[in-house]
Amino acid sequence: MIADFGFGVLVVSFLVTLYSVFAAIYGEVKKSAAMVESARRAMLLTWPLLTLTAGTLIYLLVNNHYEVQFVYEVTSRSMPTYLKVTAWWGGQAGSLLFWSWLMSAFASLVTLRNWDRDREFLPWVIVVACVTMAFFIGMNVFFENPFAQLYQTFDGINPFTFQPADSILFTPQDGRGLNPLLRHPGMVIHPPMLYLGFVSFVIPYAFAMAALITGRTDDRWIRITRRWTLWAWLFLTFGLVLGGRWAYDVLGWGGYWGWDPVEIAAFMPWLTGTAFLHSVMIQEKRGMMKHWNMLLIILTYDLVIFGTFLTRSGVLSSVHAFAQSAIGPLFFAFIGLTLITSVALIIYRWAALKSETEMTSMLSREALFLLNNLLFMSILVVCFWGVIYPLISELFTGEKVTVGPPFYERATGPLWAALLLLMGIAPLSAWGHSTVKTLGRAIWKPTVGAIAITVAIYMFYTRDIYAIIGFFLVALVLLVTFYEYWRGAYARQRSQGENIFVAFWNLTGRNRRRYGGYIIHISIMLMAIGILGIELFQTETQGTVAAGDSIDISGYTITYREVASWDDTPKGVNYTRAVVDVYENGIYLGELHPRKDYYFDSQQNMTIPGNRSTMKDDLYVLLIDWQPISADGATLKIYVNPLVNWLWMGSLLFMIGIVIAAWPDKDPEHVTVRADRQLKQANAAD
Amino acid sequence: MKKILSSILFVLILAGASASLVFAQDTFPTDDDVNKIAKQLYCPVCESTPLDVCPTEACRQWREVIRTMLTEGKSEAEIKQHFATQYGIRVLNVPPNPWLTYFIPGVVILIGAVMLFRGFQLWKKPLVAESVSDKDEAEQVQQDEYLAKMEAELKRRK
Amino acid sequence: MTEEYTPQRHGVPLWAQIIVWVFLVALLVIVAMGLRRAQQGTVQPGQKIDNFTLTLFSGYEYEGKTEVTMEELRGKIVVINFWASWCKPCEQEAAELQQAWEIYGPTGEVAFIGADYVDTEPEARVYLKKFGITFPNGPDLATNISQYFRIKGVPETYFIDREGILQYVQVGPFTSLGQFQSIIDPLINQ
């Protein structure tokens, strides 16, 4: 009954969304402000409706309603309540609903802003947001109903939306339970973060479409959505990092990124999103790249939808892929619709997107930003090809191939290095004009510093050529960024007479975008240090040892002491826990407890590492069962991951950086940048 | 005499046995040797799971195959080829023909770079034209000044 | 300092539009094909089965040869069974399959072949010995045959009539010898 109620509210949400689309179009075409307002109110209504739907589903999940198929598939009695709630996004049907719920929340937020100066955008933003929502809710209503219930008929037990004739409701005793890999705190935040990122990119896209449709092709749409873009980028980055951390913690593969097709599907919009973030600055400062920015946001949105489609349709094989379902065709229709409409619109309005100035120097900041875009797009091309090629190969030659990490690493390595180099040069270059001389003057000191650091690394730590190049570039970017930061604070200190720390603080506060950006760059360098460390210097070893024996690796000695196994029946888990002692160069460091958890309901194992984390490295010990585990012998697999915690620490700083960059300014939105562009150029060029 | 001979024999046998033991230990593939190759292969059955971390029974058997082949002295390339023949090239972590995989993205990126640099040139041209005309104007002005001076001089001389 | 200059207002040139649309359509077509393939089930009854070759394990032979081709089996009822030693449900039907072979093999009208899916030879031999399997068996090299049949897992058994047309697909193990016979008898009597 409750499930039927939930389905009913879902259907009402679907109808309201559809109404909103048609009312907005009708209101715009017939110039009826009342209809547009009605559409806006309908869109506002979707959020309470979807919240009610979601609330119903969560109620069913928490209260063990196993006659509902979705509840049966993703929960079980032994799961703690918080996991039952988060199981909402643990399966296809629920996660589609979660997408829709987020979409309605963001669309509502956008409609609540002050539309006085942008009335002509409103109907089209509503249309784009609601068409997207209608598709996702439609997939729930017609193909993947989270409220379908299990009925026993002549043919067996199957899920149905409406009770079939001659059937009775079937209520299993217990659910199948969530895949143990998903029963981790990371599960609580990783999918929501990713979806937040995906969904928030719909808003800038909606405004871009509105700009194209109305012909209002100045950069009003960019100004309005600048902060949305930043927050979207924040969520997406955080979602990707969290996914990496979660994989690192529970998969037991010793890594954080596998170049799996579904990971790449979420990574591609991040690439275009980052390119977009930089390229809109060119439009704001110099009035250029209007075509390109349109293209980028369209590409980002389409990659988001495409990525979501690839994950869920069964077209690609991946560890992440959801079980196959019938939503494929509808999703495909949606992709076709959005791709064709966006491309047609931008071609139609191409001439209207004229540039206002031309480029004067190949070393100006806008030129370097364009190079940045080229590099990001190149990485995108590599990733896209890596994902599509197996599909093409299988369809046209019948031969299945796998494109794995070596391809991506070799192809994108040089591109990432070039990006690092750019990050070191661009902050020193000025908008509008820069020459080799001005750049050279600015960069020689940090370069010398970077060379010095690299020589030290070469002498004391490593001769590996990739590490040398990588650390040189990281050092260069760090020094350049710190230098720029320091110059600004020093100038401020001299002119305002503040002490240096106050100067730093005020400088950042006054120019949040620029200095937030620098903090973000610094944090990315920290992450790069972590990535270089683990990718280039990871060591691993594996061996079967009896109790009392040791394994040596990279200066550590790991001694297997004992193992114990016990059941936790309420949780439905059997734990096998080993105790190992860790020594470094003879000094006792402590003990670690790698575990193997066996979940009875899903009959699956989880390998939980015993991990010792320091800024220098991670000592990562796994208990694996190549041989049966006992006191006579256990197989231990040990990774030493140098510098990996710089990656996680860097991502925290990254978050702070974005918050600073996105923090609302006291200045109102319509401060014209063009008026004081000349002033800024003069300032920047010194 | 017999005792000495049998002791020597005993020692020789012992030496031989321990030597073969040492020899076997040197060549017996460790888990690390197996993993080094398994890392480059994917489980033929599970989705996108590298062979060194795959937990299933079947994967265990495949890793033992690697170990057996290593004991027989097979090289890494031979082992990978064996897996490709048995299970298809999809178990390799890169397609065996690198040409197509790297060629297409390479071409596309090259086209992008060419488009970008042509764009740079296009955007710069008008300014270059202007600066040329500036130069012409300046020259023109200079010439006018010179002429005026000449005229003035000539007038004075008259 | 910088003078404004108005570039020509022109739309997208035709050649660029053509390239963009061709690329877009090609992408959509590829994705659609991929989607269709993902949604396809196994090969269905009514389809003519192309020729394929199965190389047999040493110790097994078919008419003196170490490989079997589909073509040379034309005129007989062909039963292809996909299995693996690591597949627990396969063991449920292994004994019945061997029994069925002992019944139908001698008639000369039916050919049984076993295709070992993604397996290792030592373990496969242990499996075959355990159930005393005597009909021709071999590894499905490079999974070519299972990819052709688009099997979704093991065990699966395909029944092909004398003209080479697929007649029946059994997904999962047979429940009993009787079930097997109920499928194959009508085919023989056609």
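Because the structure is predicted, anything quoted here is derived from the model rather than measured.

Rules and cut-offs
- Residues numbered from 1 in each chain as written.
- Chains lettered and ligands numbered in written order.
- Predicted model: local features only at pLDDT ≥ 70, side-chain atom pairs only at ≥ 80, totals over all residues.
- Helix = DSSP H or I, 4+ residues; strand = E, 2+ residues; numbered from the N terminus.
- Buried ≥ 20, exposed ≤ 12 C-beta atoms within 10 Å, placed from the backbone.
- Contact = placed C-beta atoms within 7 Å.
- Pairing = 2+ DSSP bridges.
- Domains from an automatic or database assignment.
- Core = buried A, V, L, I, M, F, W, Y, C linked by C-beta atoms within 7 Å.
- Expected span 1.5 Å × (residues − 1).
- Nonpolar A, V, L, I, M, F, W, Y, C, P; charged D, E, K, R; others polar.
- pLDDT = per-residue confidence, 0-100.
- Axes fitted to C-alpha atoms, helices over the stretch in contact; angles between N-to-C directions.

Engineer: Got a sec to walk through the overall build of chain B? Specific residues and values, please.
Structural biologist: Each helix and strand counted, chain B has 5 helices and 0 strands in total. Element order for chain B, N to C, with α for helix and β for strand: α-α-α-α-α. By the burial criterion, 25% of the 158 residues in chain B qualify as buried. The contacts of chain B with a sequence gap of at least 6 include a subset with a gap of at least 24, amounting to 45%.

Engineer: I'd like to hear about the sheet that holds strand S2 (residues 156–160) of chain A, residue by residue, with values.
Structural biologist: Residues and elements named next belong to chain A. The strand order across the open sheet formed by 3 strands is S2-S1-S3, and the pairing between neighbours is antiparallel. Looking at strand neighbours, the two that pair on one side only are S2 and strand S3 (168–169), the edges of this open sheet. Bridge analysis of strand S1 (residues 149–153) against S2 gives 5 bridges, and the strand direction is antiparallel. Across the sheet, residue Gln152 finds its bridge partner in S2, namely Ile157.

Engineer: A description of the domain arrangement of chain A should follow, citing residues and the corresponding values.
Structural biologist: Residue and element names in this part refer to chain A. Taken domain by domain, chain A holds domain 1 (1–178) and domain 2 (539–645). With centres defined by C-alpha atoms, the gap from domain 1 to domain 2 works out at 43 Å. Across the contact, 5 residues belong to domain 1 and 6 residues belong to domain 2.

Engineer: Talk me through the nonpolar core; I want residue IDs and the actual numbers.
Structural biologist: All names here are of chain A. Among the nonpolar cores identified, the biggest contains 271 residues, and Val125 and Ala129 are the most heavily contacted of them. In contact with Ala129, not counting residues within four places along its chain, are Met43, Met103, Ala107, Val202 and Ala206. In this structure, Ile558, Ile624, Ala634 and Val640 belong to the second largest nonpolar core, which totals 18 residues.

Engineer: For helix H10 (residues 261–286) of chain A, give the residues involved together with the corresponding values.
Structural biologist: In this model H10 of chain A runs 38 Å from its N-terminal to its C-terminal C-alpha over 26 residues, within 8% of the 38 Å that 1.5 Å per residue would give. With its phi angle positive at about 70°, Gly287 of chain A sits one or two positions after the end of H10 of chain A.

Engineer: Kindly report on the interface of chain A and chain B, identifying the contributing residues and their values.
Structural biologist: Across the boundary between the two partners, chain A contributes 35 residues, which contact 32 residues of chain B. If you tally residues by element for the side of chain A that touches chain B, the top one is helix H13 (residues 365–397) of chain A, at 9 residues. When grouped by side-chain class, the residues that make up the side of chain A that touches chain B number 20 nonpolar, 11 polar and 4 charged.

Engineer: Quick one: what's the story with the confidence of the model for chain B, residue by residue and with numbers?
Structural biologist: Residues and elements named next belong to chain B. With 70% of its residues at a pLDDT of at least 70, chain B reaches an overall mean of 77. For chain B, the element scoring lowest by mean pLDDT is helix H1 (residues 2–27), at 59; helix H4 (residues 76–87) scores highest, at 92. Scored below 50 in pLDDT, residues 19–25 shows 0 contacts in the model against residues more than four places distant or in partner chains. Predicted as a complex, the structure gets a pTM of 0.87 and an ipTM equal to 0.85.

Engineer: Outline the environment of Ala84 of chain B, listing residues and values.
Structural biologist: All names here are of chain B. Of note, Ala84 is situated in helix H4. The exposure class of Ala84 is partly exposed, given the 16 C-beta atoms found within 10 Å. Spatially, the C-alpha atoms of Ala84 and Pro96 are 9.5 Å apart, while their sequence positions differ by 12 residues. Ignoring any residue separated from it by four or fewer positions in sequence, one finds Ala84 in contact with Ile89, Val91 and Leu92.

Engineer: Can you explain the sheet that holds strand S11 (residues 610–613) of chain A? Please cite residues and give values.
Structural biologist: The strands that make up a sheet are held in pairs by hydrogen bonds between backbone atoms, and each pair lies either parallel or antiparallel. Residues and elements named next belong to chain A. Taken together, 4 strands build an open sheet; the order of strands is S4-S13-S12-S11 and the sheet is antiparallel. What marks the edges here is a single partner per strand, and that holds for strand S4 (539–545) and S11. Across this sheet, the average inter-strand angle for adjacent strands is 15°, counted without regard to direction. Bridging between S11 and strand S12 (residues 617–624) involves 4 bridges; their strand directions are antiparallel. By the bridge assignment for S12, Gly610 is matched with Val621. Contacts from helix H19 (residues 644–662) reach S11, S12 and strand S13 (634–642), with the element oriented near 110° to S12.

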